[in-house]
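The lines below spell out each chain.
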Amino acid sequence: MKAVQMLEFSQKGDERGHLVIVEGMKDIPFEIKRVFYIYGSDDKVVRGQHANRKSEFVLINVAGTSKVRVRDGKGNEAVFSLNRPHTGIYLPKMVWKDMYDFSEDSVLLCLASEHYDAEEYIRDYAEFEKIISNCKEA
Ligand code: TYD
C-alpha cells in the first residue's frame, strides 16, 4: 500500500504572485476525478471521520491552516499540519482521517481519485477496524 506522506509541489511564482502546480500522475500518484473544498469550519469542528474503500486523496490548505489525524485501524496514528499552499498530504485508500483545528481563513482543497460514491465511505470506526483486521495483507 502507498504510504501517507507530505508532498511538496512545484512553485512557479514570479513578481506577479505565486503559482503552484498539481498534475495528476505527475505531482500526485493518481488521476484527479473530483475536486472539492472545505471552508467556514473552525477550531471546534472535526470533519472527515471516515475511511474510503477506493478513494485516494490529496489535501492542501490553499489558505489558512488545519490538521489531519490519520489512523491505520491497527493502533497507529499520526498528526500532520497543513499550513502552506504548496504542500499537501497524500492519503491512500483505507486510512481513517479526521480534519480539525481549522483556522478562520482555512480553505482546504481536496483532490480525489474517484467520483463521489457514498457506498465506499466507511463512517464507523469499529467497522473500519474490523475490516482492517480481516484484511490479510494489512
Ligand atoms: P462529508 O463526507 O461529511 O464531508 P467531510 O468528510 O469533508 O467532512 O460530506 C458532507 C456532505 O456532502 C455529505 O452529505 C456528502 C456530501 N458530499 C458529496 O455529495 N460529494 C462529495 O464529493 C463530498 C466530499 C461530499
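Treat the numbers as computed from the prediction; the structure is a model and nothing was measured.

1. Quick word on the site of the ligand
Residues in contact with the ligand, as listed here, are R34, F36, I38, R47, G48, H50, Y116 and R123. A distance of 3.1 Å is found between an oxygen atom of the ligand and a backbone nitrogen or oxygen belonging to G48. For the ligand, whose free accessible area comes to 530 Å², the fraction covered by protein is 59%. Breaking the shell around the ligand down by element, the ones donating at least two residues are β4 (34-39) and β5 (46-52). Classifying every residue of the shell around the ligand gives three nonpolar, two polar and three charged.

2. Digging into the side chain of T87
With respect to the helices and strands, the residue T87 is situated in strand β9 (residues 87-91). Among the residues examined, T87 registers a relative accessible area of 3% and is labelled buried. In this structure T87 touches M6, L7, E8, F9, L59 and I60, once residues within four positions along its chain are discounted.

3. Re helix α1 (residues 125-134)
Within α1, burial applies to Y125, F128 and I132. The arc that holds every buried residue of α1, seen down its axis, measures 55°, which confines them to one face. Of the exposed residues in α1, those oriented more than 90 degrees away from the buried face are K130, S133 and N134. In this structure, the buried side of α1 is in contact with β5, β7 (66-71), β10 (96-100) and β12 (121-122).

4. Description of the sheet that holds β10
Strand order across the open sheet formed by five strands is β8-β7-β10-β5-β12, with antiparallel pairing between neighbours. Edge strands, defined here as strands with exactly one partner in the open sheet, are β8 (77-82) and β12. Pairing of β7 with β10, which is carried by five bridges, proceeds in the antiparallel orientation. Across the sheet, the residue bridging to R71 is W96, located in β10.

Here is what the cut-offs are and how they apply
Residues numbered from 1 in each chain as written. Predicted model: local features only at pLDDT ≥ 70, side-chain atom pairs only at ≥ 80, totals over all residues. Heavy atoms only, no water. Near = heavy atom within 4 Å. Polar contact = N/O pair within 3.5 Å; in protein donor to acceptor, adjacent residues only side chain to side chain. Areas by Shrake-Rupley, 256 points an atom, 1.4 Å probe, with all protein chains shown as cover. Helix = DSSP H or I, 4+ residues; strand = E, 2+ residues; numbered from the N terminus. Nonpolar A, V, L, I, M, F, W, Y, C, P; charged D, E, K, R; others polar. Buried < 20%, exposed > 50% of the residue type's maximum accessible area, 1.4 Å probe, protein only. Contact = heavy atoms within 4.5 Å. Arc of directions from axis to C-beta. Pairing = 2+ DSSP bridges.

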